[in-house]
Amino acid sequence: MLIFGLHLTLLGCRMGGDDFVRTPTLPEIAAPEVTPPPAAGPGETRLFQLLYAGESGAPAHALGQRVRVRAWLDVMALDGTETEGLRALVRTVRGLEAEERVAKEALAARELAAYAPIYAELDARLQADERVPDAELATFGERLSAARLLAQGDTPALSAERTRVQALLDAAAAWIGTLPPVKQERLAQSRFFLAKRVSPLGNVADYQALVGLNWDGGDFSAIDATGAAATQPQMDIGGLWALEKMRAPPGGYLVARQLQAIVVMAVLEPALGEVLGVDAIEVAAAP
């Protein structure tokens, strides 16, 4: 899936033995200054809190997503050109997602054809009472290696997936670059409607890929540490609109990648395309 690829692209840093010889000193990087949407009064604050709480069932969640997306777009205050650029990004991401599905289905078919006979024969041999000689196992290994090359070709599946994910991030980066800095900072507020997908407690992996963690997923004591700081903005529910600091200070490159990933995740939400009228536009343009 695309999300898995995002994890690899965002978190797949290569480290060698020399990296552990000494502790690097990193300069402190200031996170983008983001603020929650302004509330007109207690009623709106309460409404946004209830919207952020979300829904358990899929049908109700889909309806709530439309409302949350509209609230986010109202905060973004995109002009006509910026909105059309977002529509184009939705179409681009949908196209890349469709290409990925086709590529993975084709790979799955090739793998089944190439691996199935070998796996069936190996399974039967391993069920035998006698121990399979090492030389015979080596032959199985050679056959399986050749089958993998036949199924995947010259480009490993993981490399191809990273290339597709890079195309997604590049498309998001191009649109983000058309926005003024103040609107770029507001993009992080899209987590208002991404809460279910990137919840820090309910969906740890996706959340970590976007903003990093300041607690261990297995540390359930963290669930009790939910008290809000006195200085927390009135609608910054659970740090929703703040980019939490990672264990190591993030560099500007990673912060940019995080923002691109957030935008990709936002564009993948069906409700955003619905609210932007992308579906209606595509239907009208169809022959």
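Higher on the page you've got the structure.
Since this is a predicted model, take the numbers as computed values, not measurements.

Draft legend 1. Broad picture of the overall build of the chain. A tally of regular secondary structure across the chain gives 11 helices and 0 strands. Of the regular secondary structure in the chain, the N- to C-terminal order runs α-α-α-α-α-α-α-α-α-α-α. The buried share of the chain, reckoned over its 287 residues, is 35%. Total accessible area computed for the chain in this model is approximately 16,600 Å², and 60% of it derives from carbon and sulfur atoms.

Draft legend 2. Molecular detail of helix H4 (residues 80-127). Counted at 1.5 Å a residue, the expected span for H4 with its 48 residues is 70 Å, and the 66 Å between its end C-alpha atoms agrees. Of all bends in H4, the biggest is about 40°, found at Tyr115, and the proline Pro117 comes one to four residues later. Those residues of H4 that sit buried are Glu82, Thr83, Leu86, Leu89, Val90, Val93, Leu96, Glu100, Leu107, Ala114, Tyr115 and Ile118. One side-chain oxygen at the N-terminal end of H4 lies 3.2 Å from the backbone nitrogen of Thr81; it belongs to Asp79.

Draft legend 3. Spotlight on the side chain of Gln152. Inspection of the secondary structure puts Gln152 in helix H5 (residues 134-152). Residues within four places of Gln152 in sequence aside, it is in contact with Leu107, Glu111, Tyr115 and Ala157.

Draft legend 4. Looking closely at the side chain of Glu82. With respect to the secondary-structure elements, Glu82 resides in helix H4. The exposure class assigned to Glu82 is buried, which follows from its relative accessible area of 8%. Residues within four places of Glu82 in sequence aside, it is in contact with Ala77, Trp175, Thr178, Leu179, Pro180 and Lys183.

Draft legend 5. Looking closely at the packing of H4 against H5. Between H4 and H5, the least distance of the axes is 8 Å, while the angle of their chain directions is 170°. With respect to each other, H4 and H5 are oriented roughly antiparallel. Residues Leu107, Arg110, Glu111, Ala114, Tyr115, Ile118, Tyr119, Glu121, Leu122 and Arg125 of H4 pack against Glu136, Leu137, Phe140, Arg143, Leu144, Ala147, Arg148, Ala151 and Gln152 of H5. The residue inventory of the contact of H4 with H5, partitioned by class, reads 11 nonpolar, 1 polar and 7 charged.

Draft legend 6. Representation of the packing of H4 against helix H6 (residues 157-176). Orientation of H4 relative to H6, taken along the N-to-C sense of each, is 175°, at an axis distance of 9 Å. Regarding the angle of H4 to H6, the classification is roughly antiparallel. In this structure, H4 uses Glu82, Gly85, Leu86, Leu89, Thr92, Val93, Leu96, Glu100, Ala103, Lys104 and Leu107 to contact H6, whose residues at the interface are Ala157, Glu161, Arg164, Ala167, Leu168, Ala171, Ala172 and Trp175. Here the contact of H4 with H6 is built from residues that sort into 12 nonpolar, 2 polar and 5 charged.

Draft legend 7. Structural detail: the packing of aromatic side chains. Scanning the entire structure with this criterion turns up 4 aromatic pairs. Geometrically, the ring pair formed by Phe48 and Phe192 is stacked, given 5.4 Å between the ring centres and 25° between the ring planes. Linking Phe48 in helix H2 (residues 42-53) with Phe192 in the loop between helix H7 (181-186) and helix H8 (204-211), this pair joins segments that are 144 residues apart in sequence. Put simply, the rings of Phe48, Tyr52 and Phe192 pair up and form one aromatic cluster.

Draft legend 8. Fine view of the nonpolar core. Counting residues in each nonpolar core, the largest one holds 35 residues, and the members touching the most others are Leu73, Leu86, Trp175 and Leu187. Going through the elements one at a time, helix H3 (58-76), H4, H6, helix H9 (252-267) and helix H10 (270-276) are the ones with two or more residues in this core. Ranked by residues supplied to this core, first place goes to H9 with 8 residues. With sequence-adjacent residues up to four places away left out, Leu73 is seen in contact with Leu78, Leu86, Leu272, Val275 and Leu276. Formed by 6 residues, the second largest nonpolar core is a distinct cluster that contains Ala114, Ile118, Phe140 and Ala147.

Draft legend 9. Region of interest: the environment of Val75. As for its position among the elements, Val75 is in helix H3. For Val75, a relative accessible area of 17% puts it in the buried group.

Draft legend 10. Region of interest: the pattern of salt bridges. In total, this model carries 9 salt bridges according to the counting rule given. As a salt-bridge pair, Glu100 and Lys104 come within 3.7 Å of each other at their nearest N and O atoms. Residue Glu100 and its partner Lys104 are both found in helix H4; the two are separated by 4 residues, about one turn of the helix. Assessed through its relative accessible area of 4%, Glu100 is described here as buried.

How each quantity is defined
Residues numbered from 1 in each chain as written. Predicted model: local features only at pLDDT ≥ 70, side-chain atom pairs only at ≥ 80, totals over all residues. Heavy atoms only, no water. Helix = DSSP H or I, 4+ residues; strand = E, 2+ residues; numbered from the N terminus. Buried < 20%, exposed > 50% of the residue type's maximum accessible area, 1.4 Å probe, protein only. Areas by Shrake-Rupley, 256 points an atom, 1.4 Å probe, with all protein chains shown as cover. Expected span 1.5 Å × (residues − 1). Bend = angle between axes of the 7 residues up to and from the residue. Polar contact = N/O pair within 3.5 Å; in protein donor to acceptor, adjacent residues only side chain to side chain. Contact = heavy atoms within 4.5 Å. Axes fitted to C-alpha atoms, helices over the stretch in contact; angles between N-to-C directions. Parallel < 35°, antiparallel > 145°, perpendicular 65-115°, else oblique. Nonpolar A, V, L, I, M, F, W, Y, C, P; charged D, E, K, R; others polar. Phe/Tyr/Trp six-rings, centres within 6.5 Å; stacked < 30°, edge-to-face > 60°. Core = buried A, V, L, I, M, F, W, Y, C linked by side-chain atoms within 4.5 Å. Salt bridge = Lys/Arg side-chain N within 4 Å of Asp/Glu carboxyl O.

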